[in-house]
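# Overview (structure and organization)
Spelled out, the chains give:
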Amino acid sequence: MKKKKNSWYDYLWIATILYFILGLFNVVFAWLGMICMAVPLYFAIKDGKKTYCNKYCGRSQLMDLLGNRLKLSKRKECPAVLKSTTFRYAFLIFFMTMFSMSIVTTYVVYKDAATFRQVITLLWTFKVPFTFNYHGTIPWVSQFAYGLYSLMLTSTILGIITMVFFKPRTWCVYCPIGTMTQGICKLKAMNLKSEYDHDNKAFD
Ligand code: SF4
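The structure contained in this document is the topic of the report that follows. These numbers were taken from a predicted model, which means no experiment stands behind them. (Residues numbered from 1 in each chain as written. Predicted model: local features only at pLDDT ≥ 70, side-chain atom pairs only at ≥ 80, totals over all residues. Heavy atoms only, no water.)

### Things to note about the side chain of Ser 150
How we decide: The way it works is that DSSP assigns letters per residue, a run of H or I at least four long becomes a helix, a run of E at least two long becomes a strand, and they are numbered from the N terminus. The cut-offs for exposure are 20% and 50% of the maximum accessible area for each residue type, with area from a 1.4 Å probe on protein chains only; residues under the lower value are buried, those over the upper are exposed, and the others partly exposed.
Summarising the element assignment, Ser 150 is placed in helix α7 (residues 139-165). When its relative accessible area of 7% is taken as the criterion, Ser 150 is described as buried.

What follows is the structure in structure tokens.
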């Protein structure tokens, strides 16, 4: 069988690695993580499809690469609880609460620069001093960057842990961005269906 030719977007896993490396040099680069949050939502709202997940997600490509090509995954079926709607939406709420907290912290630093802390928080628990990648940028800009870098690193760590023990792309099962885009796509599909039903009734 003829091998499918790779496209540029098949290499976005490099961008994922680059994101973390750049963040080590200067924390402000962590702001680029907003692209990974905004673009999937943009596609879901615009097309009603999970275009980002299916094509452009560097993180899922990275998990695929580590788990399948480098054979770091045990490839076991993930526990049913991770797949359950309750868990997925609970995790989404938790994730968004943590994201909102980092916005609140940023606002506090904006009001009082003395509260600025050069730390990242791993797994929403462990505070790790990260002073080497701060180069004197506006404190609130850097504070948000530390928060976003923490969130991106934490979700990648969770993704890697679940990749090792279960199937390579297990993170996608409970990824908050995936849950959000899926919800948007479902709402759009319901909306289209009700418009279709309405139009059909008009012709009855
Ligand atoms: S579910 Fe999350 S990690 Fe998986 S492809 Fe979508 S955005 Fe990427």
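This is not the end of the story, as more comes after the structure.
### Some words on the site of the ligand
Going by this rule: Put simply, a residue is near a molecule or strand once any heavy atom of it comes within 4 Å of that molecule or strand. Amino acids are sorted into nonpolar (Ala, Val, Leu, Ile, Met, Phe, Trp, Tyr, Cys and Pro), charged (Asp, Glu, Lys and Arg) and polar (every other residue, Gly among them).
Taken together, the neighbourhood of the ligand is formed by Tyr 52, Cys 53, Cys 57, Ser 60, Arg 169, Trp 171, Cys 172, Cys 175, Ile 177 and Gly 178. Looking at the shell around the ligand, its residues break down into seven nonpolar, two polar and one charged.

### Things to note about the nonpolar core
The nonpolar side chains of a soluble globular protein tend to be buried with one another. So the rule is basically this: For this analysis, a nonpolar core means a set of buried residues of the types Ala, Val, Leu, Ile, Met, Phe, Trp, Tyr and Cys, connected via side-chain atoms within 4.5 Å. Contact between two residues is taken to exist if any of their heavy atoms lie within 4.5 Å; hydrogens are not considered.
Tyr 19, Met 37, Tyr 146 and Tyr 149 are the most contacted members of the largest nonpolar core, which totals 27 residues. Listing elements by their share of this core, those giving two or more residues are α1 (12-25), α6 (85-111), α7 and α8 (171-174). Looking at this core element by element, the count peaks at eight residues for α7. In this structure Tyr 149 touches Tyr 19, Phe 20, Gly 23, Leu 24, Ala 30, Ile 120 and Phe 130, once residues within four positions along its chain are discounted.

### Considerations on a nonpolar patch on the surface
Put simply, the test is: Each patch groups residues whose relative accessible area exceeds 30% and which form no salt bridge, using 9 Å between like charges and 5 Å between nonpolar side chains of Val, Leu, Ile, Met, Phe, Trp and Tyr. Accessible areas in this description were obtained via Shrake-Rupley with a 1.4 Å probe; residue shielding takes into account the shown protein chains only. A side-chain nitrogen of Lys or Arg and a carboxyl oxygen of Asp or Glu constitute a salt bridge if their distance falls within 4 Å.
Where nonpolar side chains cluster on the molecular surface, the patch consists of Ile 17, Leu 18, Ile 21, Leu 24, Phe 25 and Phe 132 and spans about 560 Å² of accessible area. Relative to the elements of secondary structure, Phe 132 occurs in the loop between β2 (126-129) and α7.

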